[in-house]
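The chain contents come next:
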Amino acid sequence: KLDGSAKYGIDASAPGMVYAAVLSAPVFGGSVKAVDATGLKGLPGILRVVRLNDAVAVVADKYWRAKKGLDALKIEWDPGVHGGVQQADLEKGLRDALDAPMFSVEKKGEPDAAFAAPGAKLVEAVYEAPFLGHAPMEPLNCTVQLAPDRVDVWISTQAPMAVLQTAAKEAGVAPE
């Protein structure tokens with residue numbers, strides 16, 4: 001980590017590798033409405049534009065070309081049902097839920113008696129933080145190498161079994 005010699009998922013490479021830059025819908029549950037690729041005209045190394053339901057990818061012979069190609073696209077998004085969600089609404093919903101009936105998973109001791117005891121002091125505080133994305137140590141990335149009977153995946157993930165199952169399914173090979 002200190003001198004740059006640590007290997008991460010982004011350091012993987014394979015013969016004949018191509019690169020993709022991906023842009024996901026800016027709102028959870030959103031989708032791609034339209035893609036205008038006229039901005040790609042004249043850009044070198046662009047191999048393909050891939051339109052998914054909730055994302056768009058540009059594939060190129062080098063990553064920077066894929067990234068510049070993605071930047072050149074004009075994408076129109078459909079925000080879907082979550083398009084109007086605002087942080088203030090989420091915070092209000094959480095605060096309002098505190099007044100709803102609650103339940104205990106486990107109770108040990110007599111907290112009510114402890115709070116009622118002479119000299120007992122109740123301290124209350126509210127700590128809030130906005131919903132934030134996970135901050136990994138490296139940019140999100142994945143390298144996949146396909147062969148007729150296997151698929152090799154290099155990815156920094158906290159869900160390796162899910163990656164195994166999804167990669168095998170998409171490549172049409174057995175997870176083994």
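In this text, all values refer to a predicted model and were calculated from it rather than measured experimentally. (Residues numbered from 1 in each chain as written. Predicted model: local features only at pLDDT ≥ 70, side-chain atom pairs only at ≥ 80, totals over all residues. Heavy atoms only, no water.)

Draft legend 1. Spotlight on the overall build of the protein. When helices and strands are tallied, the protein shows 4 helices and 7 strands. Secondary structure elements of the protein, listed N to C terminal, follow the sequence β-β-β-β-α-β-α-α-β-β-α. Relative to its length of 176 residues, the protein is extended, with a C-alpha radius of gyration of 24 Å against a globular reference of 16 Å. Principal-axis analysis of the C-alpha atoms places the extent of the protein at approximately 80 × 40 × 40 Å. Each of the 176 residues in the protein was classed as buried or not, and the buried ones make up 15%. Long-range contacts, defined here as pairs at least 24 residues apart, represent 56% of the contacts in the protein between residues at least 6 apart. Accessible area for the protein stands at about 14,100 Å²; split by element, carbon and sulfur atoms hold 58% of it. (Helix = DSSP H or I, 4+ residues; strand = E, 2+ residues; numbered from the N terminus. Rg over C-alpha atoms; globule rule 2.2 N^0.38 Å. Buried < 20%, exposed > 50% of the residue type's maximum accessible area, 1.4 Å probe, protein only. Contact = heavy atoms within 4.5 Å. Areas by Shrake-Rupley, 256 points an atom, 1.4 Å probe, with all protein chains shown as cover.)

Draft legend 2. Helix α1 (residues 63–72), seen in detail. Taken residue by residue, α1 has Ala66, Gly69 and Leu70 as its buried positions. When α1 is viewed along its axis, its buried side chains cluster within an angular range of 100 degrees and face the same direction. Structurally, α1 contributes buried residues whose contacts are with β1 (19–24), β3 (46–51) and β4 (55–60). (Arc of directions from axis to C-beta.)

Draft legend 3. Just the nonpolar core, in detail. With 10 residues, the main nonpolar core is built from Ala21, Val32, Leu40, Val56, Val58, Ala60, Ala66, Leu70, Leu73 and Ile75. Residue assignment for this core shows that the elements contributing at least two residues are β4 and α1. If you tally residues by element for this core, the top one is β4, at 3 residues. Sequence-distant contacts of Ala21, that is, excluding residues within four places in its chain, are made with Val56, Ala57, Val58, Tyr63, Ala66, Lys67 and Leu70. (Core = buried A, V, L, I, M, F, W, Y, C linked by side-chain atoms within 4.5 Å.)

Draft legend 4. Region of the structure containing a nonpolar patch on the surface. There is a patch of nonpolar side chains on the surface, built from Tyr19, Tyr63 and Trp64 and spanning about 350 Å² of accessible area. For Tyr19, the location among the structural elements is in strand β1. Classification of Tyr19 by relative accessible area gives partly exposed; the value is 31%. (Patch = residues over 30% accessible without salt bridge, like charges linked within 9 Å, V, L, I, M, F, W, Y side chains within 5 Å. Salt bridge = Lys/Arg side-chain N within 4 Å of Asp/Glu carboxyl O.)

Draft legend 5. Seen up close, the side chain of Thr143. Note on placement: Thr143 falls in strand β6 (residues 142–147). Residues within four places of Thr143 in sequence aside, it is in contact with Gly9, Ala12, Met17, Asp152, Val153 and Trp154.

Draft legend 6. Focus on the side chain of Ser31. Within the secondary structure, Ser31 sits in strand β2 (residues 31–36). Taking relative accessible area as the criterion, Ser31 reaches 16% and is therefore assigned buried. In this view, Ser31 contacts Ala25, Asn53, Asp54, Glu76, Trp77 and Asp78; residues no more than four positions away in its chain are not counted.

Draft legend 7. Geometry of the sheet that holds β1. Strands sit in the order β1-β4-β3 across an open sheet of 3 strands; the sheet is antiparallel. Every other strand in the sheet has two partners, leaving β1 and β3 as the edge strands with one partner each. Strand-to-strand twist of the sheet, defined as the mean angle between neighbouring strand axes without regard to direction, takes the value 15 degrees. The pairing of β1 with β4 spans 6 bridges and is classified as antiparallel. Within β4, the position partnered with Ala21 by the bridge is Val58. Contacting β1, β3 and β4, α1 crosses the sheet at an angle of about 30 degrees to β1. (Pairing = 2+ DSSP bridges. Axes fitted to C-alpha atoms, helices over the stretch in contact; angles between N-to-C directions.)

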